[in-house]
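Coordinates in review
The chain contents come next:
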Amino acid sequence: MKAMILAAGLGKRMRPLTDTLPKPLIPVRGKPLIEWHLERLAAADVKEVLINIAYLGDKIRQALGDGSRWGLQITYSEEPEPLETGGAIRYAAHWLGDEPFLLVNADVFTDFEMMPLIQSGLEQNELGHLILVPNPDFKLRGDFDLRDHFITECANTVSGYTFAGISLLSPALVMRYPRSRRLFPLVEAFNWAIGQQHLSGSVYRGQWSDVGTLERLAQIEKRDWG
């Protein structure tokens, strides 16, 4: 199975660290954030990884190389400008092919193991399976809810779960989305698939945090991750 890591963001809320360093290379608990993902993908027997790059992308390429130190084959999708999450997948469609692939946001830190997600696969007519987590303290309203295994919209202002930035997707999710275009957020395609009941999900209750601000980075460093 192939995997794609989204790593082209500007990381504006992480300044001044990201003035000279792309967010995926920020050290977290002793190593660059993106290396945690590469290690978990390798442990799940993933062999091919695509990393989209834009802002300070050459630094990511130089730091990670061809991926051989993790037993991976890394390919880089160099975007002329950040294409947002949906546009990034569309831009990489020729590499992804037709089979389901793992999608990981570079800016999350977690002990989630990828192998069970790979082994579960996608059911017939499913376009994706999203990993959700309980809403963190800084986010009372979730991104999505769950009903009978299917992803649904949140019912009210304090409910649901937060998208963990980890998913198993069919490339068809983006390619079939009626408003698929050069630059668009993936959540648009998610919302369309929800309406078709083509998106499933499950809740992970282990360790997880996004690395969206300097304060959250400091909390990750202080926390006991067991």
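Okay, so let's go over this structure. These numbers come from a predicted model, not from an experiment.

The next thing to look at is the overall build of the protein chain. Of regular secondary structure, the protein chain possesses eight helices and 13 strands. Relative to the compact-globule value of 17 Å for 226 residues, the protein chain shows a C-alpha radius of gyration of 17 Å, a close match. Principal axes of the C-alpha set define a box for the protein chain whose edges measure 40 × 40 × 30 Å. When the 226 residues of the protein chain are sorted by exposure, 50% land in the buried category. For the protein chain, contacts bridging at least 24 residues in sequence account for 71% of all contacts bridging at least 6. A total accessible area of about 10,700 Å² is found for the protein chain, and carbon and sulfur atoms account for 48% of it. For the protein chain, the centre of its 24 positive side-chain charges and the centre of its 28 negative side-chain charges are spaced 4 Å apart.

Of note, Glu 35 is situated in helix α1 (residues 33–43). As a buried residue without a salt bridge, Glu 35 has its nearest oppositely charged side chain in Arg 69, at a separation of 4.3 Å. Dropping the residues within four chain positions of it, Glu 35 is found in contact with Leu 64, Arg 69 and Trp 70.

The next point concerns the side chain of Arg 40. Relative to the elements of secondary structure, Arg 40 occurs in helix α1. Taking relative accessible area as the criterion, Arg 40 reaches 18% and is therefore assigned buried. In contact with Arg 40, not counting residues within four places along its chain, are Thr 110, Asp 111, Phe 112, Glu 113 and Met 114.

Here we take up the pattern of salt bridges. Across all of its chains, the model carries 10 salt bridges by this definition. The salt bridge partner of Arg 15 is Asp 19, with a shortest N-O separation of 3.5 Å. The closest approach of N and O atoms between Arg 40 and Glu 113, which form a salt bridge, is 2.8 Å. One end of the pair, Arg 40, is in helix α1; the other, Glu 113, is in the loop between β7 (108–110) and α5 (115–120), with 73 residues separating them in the sequence. In this structure, a network of salt bridges that share partners links the residues Arg 179, Arg 181 and Glu 188.

With that settled, the discussion passes to the pairing of strand β5 (residues 73–78). Strand direction decides the pairing type here: strand β4 (residues 48–53) and β5, joined by six bridges, are parallel. Each residue of the ladder has a partner; that of Val 49, found in β5, is Ile 74. A crossover links β4 with its parallel partner β5, the connecting element being helix α2 (residues 57–64), and its sense is right-handed.

Right, let's talk about the nonpolar core for a bit. By size, the foremost hydrophobic cluster in this structure holds 32 residues, and its most contacted members are Ile 5, Val 49, Ile 51, Leu 64 and Leu 102. The next biggest cluster of nonpolar side chains, apart from the first, holds 28 residues, and it includes Leu 96, Phe 190, Ile 194 and Leu 199.

As a further point, take the environment of His 149. Position of His 149 relative to the elements: it lies in the loop between β9 (145–147) and β10 (150–152). Look at His 149 and you get partly exposed, because its relative accessible area is 41%. Sequence separation between His 149 and Gly 165 is 16 residues, and the spatial gap between their C-alpha atoms is 18 Å. Residue contacts for His 149: discarding those within four places in its chain leaves Glu 126, His 129, Ser 200 and Gly 201.

Parameters at a glance
Residues numbered from 1 in each chain as written. Predicted model: local features only at pLDDT ≥ 70, side-chain atom pairs only at ≥ 80, totals over all residues. Heavy atoms only, no water. Helix = DSSP H or I, 4+ residues; strand = E, 2+ residues; numbered from the N terminus. Rg over C-alpha atoms; globule rule 2.2 N^0.38 Å. Buried < 20%, exposed > 50% of the residue type's maximum accessible area, 1.4 Å probe, protein only. Contact = heavy atoms within 4.5 Å. Areas by Shrake-Rupley, 256 points an atom, 1.4 Å probe, with all protein chains shown as cover. Lys, Arg positive; Asp, Glu negative; His and termini not counted. Charge placed at Lys NZ, Arg CZ, Asp CG, Glu CD. Salt bridge = Lys/Arg side-chain N within 4 Å of Asp/Glu carboxyl O. Pairing = 2+ DSSP bridges. Right-handed = clockwise from strand over helix to strand, strands pointing away. Core = buried A, V, L, I, M, F, W, Y, C linked by side-chain atoms within 4.5 Å.

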